[in-house]
Amino acid sequence: MTPPPPPPPWSRRSFLAATGGTALAAGLVTGTGAASAAPRTSAAAATNTDDAFAALRAKWRTLILGEGFSPTAEPFRSKLATLGTQAAGFRATMAPAAGSLWPDLGYADPSPDTDQESYGYSARMNDSFTRLSTMAQAYAQPGTGVTGDAALRDAVITGLDHLCSGVYSEQAAPFGNWWNFQIGSPQALLDAVVLLHEHLSAEQLAVYCGAVDRFLPDSAVAKYTGTSTGANRVDLCRGIILRGVVGGSAAKIALGRDALSPVFPYVTSGDGFYADGSFVQHTDVPYIGGYGAVLHDGLGRLFALLRDSAWQVDDPGSQLFLDTVDKAIAPFIYDGLMMDNVSSRGISRGLTAADTFQLPQDDHTRAHGVMASVLLVGQGASAAEQARWNSMVKGWLQRDSYGPALKNPKLSLVNTARLQKLFDDDTVKASPEPREHRNFHNMDRATHRRHDWGASVSMASARIAHYEFGNGEHAHGYHTGSGWLSWWGGDRGLAQYSDTFWPTVDPYRLPGITVSKKPLPDGFGGNWGNPKPDTTWVGGTTDGEFGTTGQHLRGIGSTMTAKKSWFWLDDSIVCLGAGITSADGSAVETVIDNRNLGASGTAALTLNGIPQPGTRSWSTTRTHIKWAHIQGQAGYVFPEAGGSRISALREERTGAWKDINSGSSPTPFTRRYLTLWQDHGIDPRDASYAYILMPGAGELRTAARALDPLWLQILANTPRQHGIRIPSLGFTGINFWAAGSAGKVTADAPVSVQIRERRDGTATISVADPSRSVTGLTLTWRRAVTSVLSKAPAVTGARTGSSLTLTFGDLSGSHGATHQVRVRTA
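The next subject is the overall build of the chain. Secondary structure assignment for the chain yields 16 helices and 35 strands. Expressed as lengths along the three principal axes of its C-alpha atoms, the size of the chain is roughly 85 × 60 × 55 Å. Burial statistics for the chain: of 826 residues in total, 64% are counted as buried. Sequence-distant contacts in the chain: of pairs separated by 6 or more residues, those separated by 24 or more amount to 71%. For the chain, the accessible area works out to roughly 27100 Å², and carbon and sulfur atoms hold 53% of it.

And the structure:
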C-alpha cells in the first residue's frame with residue numbers, strides 16, 4: 001500500500017527551517033498540554049510529579065531558545081533584532097476572523113478533502129501556528145526589542161485560542177495534508193505553550209491538549225507503518241511527548257518515548273536507517289539530507305529532553321542511532337556542506353517568494369543544522385564519541401570558505417549558539433577530512449573523501465528511484481539518478497551546487513550522467529511516482545579506502561541503456577562506459593563535467609594544452625583530445641588510443657527557483673557554465689567512453705598523467721566487463737556485468753571485484769553482488785598466493801598456489817555488501 005504523500009513544500013520547508021537551521025522564525029516547536037495526569041497517592045508525590053513536568057518544560061524551553069550566548073554580541077544581536085521585527089510585524093497584521101488569523105493566511109477550505117487545493121489551506125493553518133510560535137519566541141528571548149511585551153504575549157494567546165476553537169479544535173475535521181494536522185501544527189502550538197505556560201489557565205491548557213489529542217491520538221504510533229515510520233515517527237513521538245509534558249501526563253510521555261523504539265533497529269527494506277549507513281524515506285528515496293536530518297535532530301532533542309528524567313530513553317537499540325553519526329551523517333558532509341544527492345526534493349527549495357533574506361537554501365545551509373544536531377546528540381554519547389564528533393564538526397566549521405555556518409543569517413539562534421561555542425573552544429582541535437571510501441548499497445550511493453577533495457555518485461535501480469517529484473517540487477530532477485557524479489575541490493569547488501545551480505543548470509547535462517536528450521515534461525512520472533528502472537546490477541565494492549562502483553543504467557522515460565563504472569583512487573576517478581544504446585530518435589551524451597562558474601566566472605579551458613576562447617556563447621567539438629583542464633577546477637584525461645572526440649560549451653543560463661518548485665520565487669538568476677561532454681549521436685549502438693577525472697589538479701599534473709601510458713591499464717570496457725589496473729597503486733577493479741575474464745581475474749557470476757596489492761606482501765580481495773542474484777561464485781586470480789590470512793563467512797573454499805581460487809556461497813541475501821579475503825602473495 002502506497003503511504004499518503006509527504007508534506008507540501010511550504011510545510012516541510014518551514015519545519016526544516018527550524019530544525020535544520022534555515023530560518024530562525026520557522027518553528028523550533030513541540031509541546032502543549034493539559035488533561036490527564038497520572039494517579040497521585042500523596043501531596044508529596046503530586047509535588048514531585050509537578051516538579052518533574054516543570055523541569056521538562058524548562059529543558060524544552062532551553063532547547064527552543066538556546067543558551068550560553070550574549071544577546072548583545074554578534075551574530076546574536078542581529079538575529080534577535082530580526083526575530084523581534086518579524087514578531088512585531090506579525091502582531092501588527094494579525095486580524096482574527098472567521099477562517100483566518102491573518103488576512104494572507106486564509107485556511108477556510110470551501111471543499112475540504114485531500115487534494116492539492118486543500119493542501120494549501122491546511123498549510124496556511126500550519127503557517128498560522130508557526131507565526132504564533134515565532135511571536136512567542138520573540139517574547140521569551142532577550143534582546144528582541146519585544147522581550148516581555150505583554151501585548152505581544154496576549155496576541156499569541158488570542159491567536160492560540162482562535163485557532164483551537166475553530167480550525168484546530170476537538171470538534172474540527174482534518175483536511176488537506178495529514179502532516180499539517182499531526183506534525184507541523186501541534187509542534188508549533190506546543191512550543192508556544194511551553195514558552196507561555198505560566199500565563200495560561202488550566203482551562204486553556206485543557207483546550208489545547210484536547211485539540212492535539214484529536215488530531216494526534218495514541219493510535220498514530222500504534223503501528224510502525226505508513227506515515228508513522230522514520231522521520232515522521234520521530235515527529236509524531238515528539239508531539240505526543242510534549243503533549244504529556246505540558247498537559248501533565250506521565251502516560252503520554254512514556255507512550256511517546258516507547259514508540260521511538262521501532263526507529264532504532266536497522267531496516268532491510270523501506271524507510272529507515274540501514275546497517276551500511278543508508279537512510280531511505282518514502283520507500284525508495286535516499287534522504288539523509290532531508291528526512292534523515294529531521295529524524296536526527298528530532299531524536300537528539302528528545303534524548304536531551306528526557307535525559308536524567310524518569311522517562312530517559314534507555315532502549316538498548318538507541319546506540320544504533322548514535323552510530324549513525326559516523327555511518328550515515330558524516331560521510332555525506334564535506335567541508336561543511338551536505339551532499340545534494342541525499343536531499344532529494346530539498347535541492348529545489350532554494351528561495352521562497354516570501355524570503356526576506358533573499359538568500360537561497362543550498363547544500364551548505366542544509367548542513368548547518370545537522371552539524372548542530374551532531375553536537376546535541378554528542379551530549380548523550382560516550383566521551384570518545386563526543387570528542388571525535390566535536391573535532392569533526394569543528395573541522396567542517398573551519399574549512400567552509402563558501403558558506404560558513406556562523407555567517408548564515410537563517411541559522412536558528414539556538415544552533416548558532418551551539419556551533420559558536422564549539423568554534424571558540426580552543427581545547428577542541430579540528431580534524432581533517434578522512435581518507436575513506438563508502439558504498440551505500442541500500443540506497444545506490446557512494447562517497448569518496450580525501451583531505452583536499454571529495455566526491456559522490458548518485459544512481460537508480462529497481463530498488464531506488466531516479467528522483468522524487470511531489471507538491472510541485474523537483475520538477476527537473478529526472479536525471480539525478482543517471483550516474484550524476486558530484487565532486488568538490490579546487491577554487492570554486494564548494495560553490496558548484498550552492499550558487500543557484502539547480503534552477504539554472506541544463507537538467508540534461510548534470511556532471512557524469514549518460515543521458516538521452518529526449519525531452520521530458522516537468523515532474524515526469526507524476527506526483528510521488530518515484531520512477532525506477534528495471535535494472536538490478538547497481539552498486540559495487542570497497543576496501544574502505546579505494547572503491548569500485550557500477551551502474552546498469554536504463555534512462556528515465558527512454559529506451560537508452562548503458563553500463564557505467566567508477567574506480568575511486570587517491571587523486572582521481574577513472575570513469576568507463578560501454579554498451580550505450582538507444583532507439584528514441586534522440587541524441588545521447590555522456591557529460592564529462594558541467595561546471596558552474598558563477599555570475600561572472602571566466603575560468604580558462606585548455607584542450608591538449610591549447611587555450612580555448614573565453615567568450616560567452618562559444619562551443620566546439622574537437623577530435624584526438626588527450627586531456628583537458630578547467631582553471632581552478634579540475635583536469636580530465638582521455639586514455640583511449642588517439643584520444644577522444646570531445647565537445648565543449650560556454651554559455652549563460654537563466655532560470656528561477658519557481659521553474660523547478662512551484663512554491664518558490666520567480667526571481668530570475670543568470671549563471672555561467674562550462675560544459676564538456678562526449679556526443680554518442682542519435683540512437684547509438686554499443687557506444688563507449690573512458691576518462692579520468694582529477695579534482696583540483698593543475699595543468700602540469702593533468703598533462704603528466706596524459707603523457708604516462710603506463711599509469712592506467714584498461715582491462716575491459718565492454719557491455720560484459722569493465723576493468724582497470726593501476727600498477728603503481730597495486731589496484732585492480734573489475735565490474736563483471738556477466739561471467740567472464742578481465743586481466744588476471746575470472747568470475748563465473750555477475751559481481752564487483754576489487755584487489756589491492758600492498759608492499760608488505762599482502763593483498764585484499766573485495767567482492768560484492770550488486771544485483772543480489774548470485775547464489776554461488778567461483779573467483780580466480782591468476783597470481784601466486786601462499787596463504788589465506790582471513791576470509792569472510794561467505795567464502796566456502798580457498799585454493800592457493802600459482803593462482804588463487806575462491807568459492808563463495810549464496811551472496812544474494814547480503815544486500816550488495818562487500819565480502820573480503822586477505823591473502824599473502826608469493
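More follows now that the structure is in view.
Moving on to the pattern of salt bridges. One pass over the structure, following the stated rule, counts 37 salt bridges. The salt bridge involving Asp 326 is made with Arg 388; its shortest N-O contact spans 2.7 Å. Of this pair, Asp 326 sits in helix α11 (residues 318-329) while Arg 388 sits in helix α13 (residues 383-399), and the two are 62 residues apart along the sequence. Judged by relative accessible area, Asp 326 falls into the partly exposed class, the value being 28%.

With that settled, the discussion passes to the confidence of the model for the chain. The pLDDT averaged across the chain works out to 93; a share of 94% of its residues lies at or above 70. With pLDDT under 50 throughout, residues 1-42 is counted as low confidence; its partners more than four residues away or in other chains account for 171 contacts.

By size, the foremost hydrophobic cluster in this structure holds 153 residues, and its most contacted members are Leu 419 and Trp 502. Counting residues per element, this core draws most heavily on helix α6 (residues 178-196), at twelve residues. Sequence-distant contacts of Trp 502, defined by excluding residues within four places in its chain, comprise Asp 340, Ile 347, Thr 480, Trp 484, Tyr 497, Leu 510, Trp 657 and Ile 660. Residues Ile 592, Ile 630, Leu 674 and Ala 687 belong to the second largest nonpolar core, which totals 37 residues.

To continue, consider the packing of helix α4 (residues 116-140) against helix α5 (residues 150-164). The geometry of α4 relative to α5 is characterised by a closest axis approach of 9 Å and an angle of 155° between their N-to-C directions. With respect to α5, the element α4 is oriented roughly antiparallel. Seen from above, α4 lies across α5 with left-handed handedness. Residues Ser 128, Phe 129, Leu 132, Met 135, Ala 136, Ala 138 and Tyr 139 of α4 lie in contact with α5, whose contacting residues are Ala 150, Leu 152, Arg 153, Ala 155, Val 156, Gly 159, Leu 160, Leu 163 and Cys 164. Residue classes in the contact of α4 with α5 are distributed as 13 nonpolar, two polar and one charged.

Moving on, we come to the sheet that holds strand β10 (residues 514-516). Taken together, the five strands give an open sheet; going across it, the order is β10-β15-β22-β21-β18, and neighbouring strands pair in antiparallel fashion. Looking at the sheet topology across the chains shown, the edges are occupied by β10 and β18 (618-625). Adjacent strand axes in the sheet meet at a mean angle of 35°, parallel and antiparallel pairs treated alike.

As a further point, take the sheet that holds strand β1 (residues 272-273). Pairing in this open sheet of three strands is antiparallel, and the strands run β1-β2-β3 from one edge to the other. Strand pairing shows two members of the sheet lacking a second neighbour, β1 and β3 (285-286), which therefore form its edges. As paired strands, β1 and strand β2 (residues 279-281) are joined by two bridges and run antiparallel to one another. Of the residues in β2, the one forming a bridge with Phe 273 is Phe 279.

Moving on to the pairing of strand β29 (residues 752-757). By the criterion of burial, β29 is predominantly enclosed, with five of the six residues buried. Across five bridges, strand β26 (residues 731-736) lies against β29 in antiparallel orientation. From the neighbouring strand, Thr 732 faces β29, where its bridge partner is Ile 755. Examined bridge by bridge, β29 and strand β30 (residues 762-768) share six bridges and lie antiparallel to one another. Counterpart to Gln 754 in the pairing with β30 is Ser 766. The turn linking β29 back onto β30 is made up of four residues, and Gly 761 within it adopts a positive phi angle of 85°.

Thresholds, definitions, all that
Residues numbered from 1 in each chain as written. Predicted model: local features only at pLDDT ≥ 70, side-chain atom pairs only at ≥ 80, totals over all residues. Heavy atoms only, no water. Helix = DSSP H or I, 4+ residues; strand = E, 2+ residues; numbered from the N terminus. Buried < 20%, exposed > 50% of the residue type's maximum accessible area, 1.4 Å probe, protein only. Contact = heavy atoms within 4.5 Å. Areas by Shrake-Rupley, 256 points an atom, 1.4 Å probe, with all protein chains shown as cover. Salt bridge = Lys/Arg side-chain N within 4 Å of Asp/Glu carboxyl O. pLDDT = per-residue confidence, 0-100. Core = buried A, V, L, I, M, F, W, Y, C linked by side-chain atoms within 4.5 Å. Axes fitted to C-alpha atoms, helices over the stretch in contact; angles between N-to-C directions. Parallel < 35°, antiparallel > 145°, perpendicular 65-115°, else oblique. Left-handed = near helix turned anticlockwise from the far one by under 90°. Nonpolar A, V, L, I, M, F, W, Y, C, P; charged D, E, K, R; others polar. Pairing = 2+ DSSP bridges.

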